[in-house]
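# Examination of the molecular architecture
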Amino acid sequence: MKPLVILAGPTAVGKTALSIKLAKKINGAVISADSMQVYKHMDIGSAKVMPEEMKGIPHYLINVLEPSEEFNIVRFQQMAKEALQQIYAAGQIPIIAGGTGFYIQSLLYDIDFSKEESDTAYRTELTAFAKEYGAHALHEKLKEIDPVSYETIHENNIKRVIRALEFYHQNHTPISAHNEKEHQKTSPYRFAYFVLTDEREKLYRRIDQRVDLMMEQGLLTEVKTLYDMRRKESALPSTTIIAMIRMIRSARLTTSFSKGTGNAGRWKNGRSRRTVCAFLIIIRSVRNLFKIWMQEAAAGRKNLLAAFFYDSYRKNL
């Protein structure tokens, strides 16, 4: 089995910096599982790692798609598997950094989402329905056909609600049942899964500092550029553009950048909280392995990767 390392955790916990340091230690390369950083023209708002920050470490799935191109779970799997092949061929260890547990798990256990592609006409119909009647009405459609997805998918996550409805329309079975079956798979990788975290107030403080820096770097200009691009495109905007449009709307209601930044900080903090909750489920399945590694590192430092994490945490990285 081939090795694979995953670094996950909430916004501003330090995944990017740690992934680069780890890659240097173990001859690794980084694959981003972030649905925002994959797009071009979204550098500031996505907190994208810049070439000068990569310090010579190869990075994949960053800055490769145009905003008009769709990026979904199937596309992510295809692109990530191609990146894995290149990394293994180069004799390196892949490090999955950032992103959502949904994307990471799909790659880690090679979950088959190919059946979800793609009834364009029905998807267009659902999209039009959501636009006319709202996210809540669309979400209610799940209640009878897939109560599990109804409970687990938030109504504001229109993209996933549509995917669940489309799957049932095509296959006459709930996507939740399909996913449960796929989750029984054994991973084809020899993996180490680390979920980074920190004290909540420290995270919030770093998030606020990050948003302040984004504003100084020209976030509003970037957002307005993307908004103009979106108006010229017939395709649906990516989730990143939607989030950035919200940022514009909140900024329009303010009389100063500081107040606008506060709104952005609160949105980021909320997103960070949801990320922590989502990864708690994953922590339960890997925490024993994590404890073993950390104990091994503290006791004898026999494991290079564990020793690296042990030293990093001691230095409050």
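Scroll up to find the structure this text is about.
To keep things clear, this report deals only with the structure shown in the data block. These numbers come from a predicted model, not from an experiment. (Residues numbered from 1 in each chain as written. Predicted model: local features only at pLDDT ≥ 70, side-chain atom pairs only at ≥ 80, totals over all residues. Heavy atoms only, no water.)

On to the overall build of the chain, then. In terms of helices and strands, the chain carries 15 helices and five strands. The contacts in the chain between residues at least 6 apart in sequence include a share of 74% that link residues at least 24 apart. Surface exposure of the chain reaches about 16,900 Å², of which carbon and sulfur atoms provide 51%. (Helix = DSSP H or I, 4+ residues; strand = E, 2+ residues; numbered from the N terminus. Contact = heavy atoms within 4.5 Å. Areas by Shrake-Rupley, 256 points an atom, 1.4 Å probe, with all protein chains shown as cover.)

Turning our attention to the environment of Glu-69. Counting through the fold element by element, Glu-69 comes out in the loop between β3 (59–60) and α3 (73–89). Through-space distance from the C-alpha of Glu-69 to that of Tyr-39 is 8.6 Å; in sequence the pair is 30 residues apart. Ignoring any residue separated from it by four or fewer positions in sequence, one finds Glu-69 in contact with Tyr-39 and Arg-75.

Bringing the pairing of strand β1 (residues 2–8) into the picture now. Most of β1 is tucked away, with five of its seven residues classed as buried. As paired strands, β1 and strand β5 (residues 189–195) are joined by seven bridges and run parallel to one another. Looking at β5, one finds that Ala-8 is bridged to Val-195. When β1 meets strand β4 (residues 93–97), the two strands line up parallel, connected through three bridges. Bridging across to β4, Val-5 finds its partner in Ile-95. (Buried < 20%, exposed > 50% of the residue type's maximum accessible area, 1.4 Å probe, protein only. Pairing = 2+ DSSP bridges.)

With that settled, consider the packing of aromatic side chains. Per the counting criterion, the structure on display carries six aromatic pairs. Between Phe-71 and Phe-76, the ring centres sit 6.3 Å apart and the planes meet at 90°, which makes this aromatic pair edge-to-face. The exposure class assigned to Phe-71 is buried, which follows from its relative accessible area of 3%. Residue class for Phe-76 comes out buried when judged on its relative accessible area of 0%. Pairing Phe-76 with Tyr-103 gives two aromatic rings, centres 4.9 Å apart and planes at 25°, and the pair type is stacked. With Phe-76 in helix α3 and Tyr-103 in helix α4 (residues 101–108), this residue pair connects regions lying 27 residues apart in the sequence. (Phe/Tyr/Trp six-rings, centres within 6.5 Å; stacked < 30°, edge-to-face > 60°.)

Looking now at the pairing of β4. Among the five residues that make up β4, four are buried, leaving the element largely enclosed by the rest of the structure. Where strand β2 (residues 28–32) lies against β4, five bridges are found, and the strand directions are parallel. Note on β4: the bridge partner recorded for Ala-29 is Pro-94.

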